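# Coordinates in review
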Amino acid sequence: MAACTQCSAPAAIEDLDVQPPQPWCLGCATTLVRAGDPVLNYRSLNGESEYQRVLTGGSTQVLPFG
């Protein structure tokens, strides 16, 4: 499993807007949502929709892919 590039925790999503795709753990990705800079073009790595729930609660734009 990929690790978050910011904190080395297990990645939950990959940001598909950068090449190569950048992995983010749920905690770091949630921080980006709260800061107003969410990862919108992403692929879930763990098959769960937890990040989708974070986006829905903290962002008006939700564009999941994959």
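Residues numbered from 1 in each chain as written. Predicted model: local features only at pLDDT ≥ 70, side-chain atom pairs only at ≥ 80, totals over all residues. Heavy atoms only, no water.

## Here's the deal with the environment of L40
With respect to the element layout, L40 can be found in the loop between α1 (26–34) and β3 (42–44). Along the sequence, L40 and D15 sit 25 residues apart, while their C-alpha atoms lie 7.7 Å from each other. (Helix = DSSP H or I, 4+ residues; strand = E, 2+ residues; numbered from the N terminus.)

## Considering the nonpolar core
Counting 15 residues, the largest nonpolar core has I13, W24, V39, Y42, Y51 and L55 as its most contacted members. Listing elements by their share of this core, those giving two or more residues are α1 and α2 (50–58). With near-sequence residues (within four places) excluded, W24 lies in contact with C4, Q6, A11, A12, I13, D15, A29, L32 and V39. (Core = buried A, V, L, I, M, F, W, Y, C linked by side-chain atoms within 4.5 Å. Buried < 20%, exposed > 50% of the residue type's maximum accessible area, 1.4 Å probe, protein only. Contact = heavy atoms within 4.5 Å.)

## As for the side chain of N41
Turning to its location among the elements, N41 is positioned in the loop between α1 and β3. Among the polar contacts listed, one links the side chain of N41 to the side chain of D17, at a separation of 2.8 Å. (Polar contact = N/O pair within 3.5 Å; in protein donor to acceptor, adjacent residues only side chain to side chain.)

## Some details on the pattern of salt bridges
What the rule picks out here adds up to two salt bridges. One salt bridge connects E50 with R53, and the closest N-O pair in it is separated by 2.8 Å. Taken together, the residues span about one helical turn, with E50 and R53 both in helix α2 at a distance of three residues. By relative accessible area, R53 is classed as partly exposed at 49%. (Salt bridge = Lys/Arg side-chain N within 4 Å of Asp/Glu carboxyl O.)

## A few points about the confidence of the model for the protein chain
Mean pLDDT over the protein chain works out to 87, with 88% of the residues at or above the 70 mark. Here α2 is the element of the protein chain with the lowest mean pLDDT, 88, and strand β2 (residues 22–24) is the one with the highest, 97. (pLDDT = per-residue confidence, 0-100.)

## With respect to the packing of aromatic side chains
Geometry of an aromatic ring pair is reported as the spacing of the ring centres plus the angle between the planes. Overall, the coordinates contain one aromatic pair when judged by the stated rule. On the basis of an interplanar angle of 85 degrees and a centroid distance of 4.9 Å, the ring pair of Y42 and Y51 is categorised as edge-to-face. The buried category is assigned to Y42, whose relative accessible area is 4%. Using a relative accessible area of 4% as the deciding quantity, one classes Y51 as buried. (Phe/Tyr/Trp six-rings, centres within 6.5 Å; stacked < 30°, edge-to-face > 60°.)

## Points about the sheet that holds β2
Taking strand neighbours across the sheet as the criterion, the three strands line up as β2-β1-β3 in an open arrangement whose pairing is antiparallel. Looking along the sheet, the strands with just one partner apiece sit at the ends: β2 and β3. Geometrically, the sheet is characterised by an average inter-axis angle of 25 degrees between neighbouring strands, direction not taken into account. Pairing of strand β1 (residues 13–15) with β3 involves three bridges; the strand directions are antiparallel. Bridge pairing in β3 links E14 to R43. (Pairing = 2+ DSSP bridges. Axes fitted to C-alpha atoms, helices over the stretch in contact; angles between N-to-C directions.)

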